[in-house]
Amino acid sequence: MEHLLHYVWKHKLLPLRELHTTDGRLVEVIHPGLHNRDAGPDFFNAKVKIGGQLWVGNVEIHLRSSDWFRHRHDTNAAYDNVILHVVETADADISYPHRPQQAIPQLELPIPDVVRQRYAALTANDTLPYCRDIVARQPRLTIHSWLSALQVERLEQRTRQLMERHERCDRNWEHTLFVTLARNFGFGINGAALEQWARSIPLTAVAKHRDDLFQIEAIFFGQSGLLDTTEKSHKNGESTDKINMADPYVARLKKEYAYLRHKFEIFPMDSTIFRFARIRPQNFPHIRIAQLAMLHYEQRATFSRLISAESIEEIRSLFDVSVSPFWQTHFTFSSAESRPSKRQLSDRSKDLLIINSIAPLLFAYGRYKGDETLCERAFHLLEQVEPEQNNVTRTWANAGIDCESAADSQALIQLTRNYCEPRDCLRCRFGHEYIRRHPDFLHEADE
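So, a few notes on the structure that sits alongside this text. The structure presented is a predicted model; accordingly, all values stated were derived computationally and were not measured.

## Some points on the layout of surface pockets
Thought 1: Each pocket or cavity is described by its volume, and for the largest pocket that value is around 900 Å³.
Thought 2: Taken together, 25 residues form the lining of the largest pocket, with Arg158, Asn184, Gly188, Asn356 and Arg417 sitting closest to its centre.
Thought 3: Here the element with the most residues in the lining of the largest pocket is helix α4 (residues 140–168); it accounts for six residues.
Thought 4: Of the residues that constitute the lining of the largest pocket, the class distribution is six nonpolar, 12 polar and seven charged.

Laid out in structure tokens, this is it:
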């Protein structure tokens, strides 16, 4: 329950009576400080008057005073600047690590019953969202403002992930785009495998053969490991098929990769990481790699073209890509011929690429360049795309929260993964509004 005491202190849900330290000095909380979620004191730079004297420093919070010793704060120099120890129960005297003769002021602060009760009500449910009984009764302004904040938070989180990827791609934005698109061409199931595959592609080597689709396919398929003499189909998670070496395209592709592998000193990945079970054939990694090869050959989705695209229609048109003739009638190297199809991306697939690749990249690049116009365009893109239809959005719709665009569905994914699943209701505005809106003895000054 210590997190509830943190919440009470952070939001100044204080009793309507004078507060005193355990040795009788008057306490006035001017500012509770900044909540620290890392190592060290719980709140930094708090402002508190103790016995009429203003103190500025750190505040540590425990349920019991004796927790100070249990957590070994009495030997940690990081706690030498604590100005107040806030506890629910004072069961011991404490002092500074390097000044054991000097006692640290302590304040006994009760957790109000209403906070306990409402938090218990929020977390009593076993299915998401835990606040489903009260969330739809929140003011529309609260819902809208929280979703807007979550949209920013999600793009900021994705920016951190993209910048880490950018570092691994030698700070090359074109390479970062290629790896990001490859991951999202997996559409969840094979996302991690296709990201690993994209990292294995020597783009500088591919650039030497960029005007030859067949050679691009040779490198792309060769690096995937799918050109090995045996290919795991995984239809039942166990069968193994020989690739069809009798087909002229397959035999030539394998021969060409052998030459390019020796030329560029590259090595294929293990193809067994690709998943095939319970996947529709049009989503097989072979088809996705064939589409990426054509996209790379036609130089459609280059970083400069995507960044400079003026409309969502223009971005969607950049993904109007088909596949080479062999892949128009095959799903794997060993499959029988099927009815011819260009294997083009569906409109929904294009929108998912915009949601998961283009908008985050645009926002990350805007942050990188300090260009707020690019960041605004990222938001505008998400607002123009239809919301995602998945378990998260359906769950919130059942609770009375509907999505108007992909911006809203991304916000609800952020809310679910970062607040609901960890049961962090105290940091969620829905939970906060429910807990704090109680009359009488809760003091809500400076809200």
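This is not the end of the story, as more comes after the structure.
## Some thoughts on the side chain of Gln106
Thought 1: Looking at where Gln106 falls in the secondary structure, it is placed in strand β9 (residues 106–108).
Thought 2: Looking at Gln106, its side chain comes within polar contact range of the main-chain oxygen of Ala92, at 2.8 Å.
Thought 3: Look past the residues within four positions of Gln106 in its chain and what remains in contact with it is His20, Thr21, Thr22, Ser65, Leu84, His85, Val87, Ala92, Asp93 and Ile94.

## Overview of the nonpolar core
Thought 1: Judged by nonpolar contacts, the single largest core of 82 residues is most densely connected at Trp197, Phe220, Phe319 and Phe333.
Thought 2: A per-element tally of this core places helix α13 (residues 347–369) first, with 10 residues.
Thought 3: Judged by nonpolar contacts, the second largest core, of 49 residues, contains Leu19, Val29, Val48 and Ile435.

## Brief notes about helix α15 (residues 391–398)
Thought 1: Of the positions making up α15, those classed as buried are Val392, Thr393 and Trp396. Down the axis, α15 shows its buried residues gathered within 95° of arc, on one side only. Exposed positions of α15 whose direction lies more than 90 degrees from the buried face are Asn391 and Asn398.
Thought 2: Buried positions along α15 lie against α16 (406–420) and α17 (429–436).
Thought 3: The N-cap residue of α15 is Asn390: its side-chain oxygen and the backbone nitrogen of Val392 are 3.1 Å apart.
Thought 4: Count one or two residues on from α15 and you reach Gly400, which has phi positive near 100°.

## Digging into the packing of aromatic side chains
Thought 1: Across all of its chains, the model carries 22 aromatic pairs by this definition.
Thought 2: Taking the centre distance of 5.8 Å and the plane angle of 45° together, the rings of Phe178 and Trp197 count as tilted. Here Phe178, found in helix α5 (residues 173–185), pairs with Trp197, found in helix α6 (residues 191–200); they are 19 residues apart in sequence, far enough to count as distant. No difference in accessibility class separates Phe178 from Trp197, as the two residues are buried.
Thought 3: Taken together, a centroid distance of 5.3 Å and an interplanar angle of 70° make the contact between Phe221 and Phe333 edge-to-face. Of this pair, Phe221 sits in helix α8 (residues 213–224) while Phe333 sits in the loop between α12 (312–318) and α13, and the two are 112 residues apart along the sequence.

Conventions and cut-offs
Sequence order sets the numbering: in each chain, residues are counted from 1 along the sequence as written. Note on the predicted model: pLDDT of at least 70 is required for a residue's local features to be given, and 80 or more for side-chain atom pairs to be given and counted; whole-chain, interface and lining totals, by contrast, use all residues. Side-chain descriptors were evaluated using all non-hydrogen atoms of the structure, hydrogens and water having been removed beforehand. The method works on a 1 Å grid over the protein atoms by themselves. A cavity is a set of points holding a 1.4 Å probe that cannot get out, a pocket is an open set with protein on both sides within 12 Å along at least five of seven lines, and residues with an atom within 4 Å of a point line them. Grid points are joined across faces, edges and corners, and a volume is the space filled by probe spheres set on the points. Labels follow the DSSP assignment, with helices taken as runs of H or I lasting at least four residues and strands as runs of E lasting at least two, numbered in each case from the N terminus. Amino acids outside the nonpolar list (Ala, Val, Leu, Ile, Met, Phe, Trp, Tyr, Cys, Pro) and the charged list (Asp, Glu, Lys, Arg) are all regarded as polar, and Gly is one of them. In the analysis that follows, any N or O atom pair within 3.5 Å is treated as a polar contact, provided that within protein one partner can donate a hydrogen and the other can accept it, and provided that, for residues neighboring in sequence, both atoms belong to side chains. The contact criterion used is simple: two residues touch if any of their non-hydrogen atoms lie within 4.5 Å. Grouping buried Ala, Val, Leu, Ile, Met, Phe, Trp, Tyr and Cys residues that are joined through side-chain atoms within 4.5 Å yields what is termed a nonpolar core. The buried label applies to any residue whose accessible area, calculated with a 1.4 Å probe on protein chains only, is under 20% of its type's maximum; exposed applies above 50%, and partly exposed to all values in between. Along the arc lie the directions from the helix axis toward the C-beta atoms. Working definition: rings of Phe, Tyr and Trp (its six-membered ring) pair if their centres are within 6.5 Å, and the pair is stacked with planes under 30 degrees apart, edge-to-face with planes over 60 apart, and tilted otherwise.

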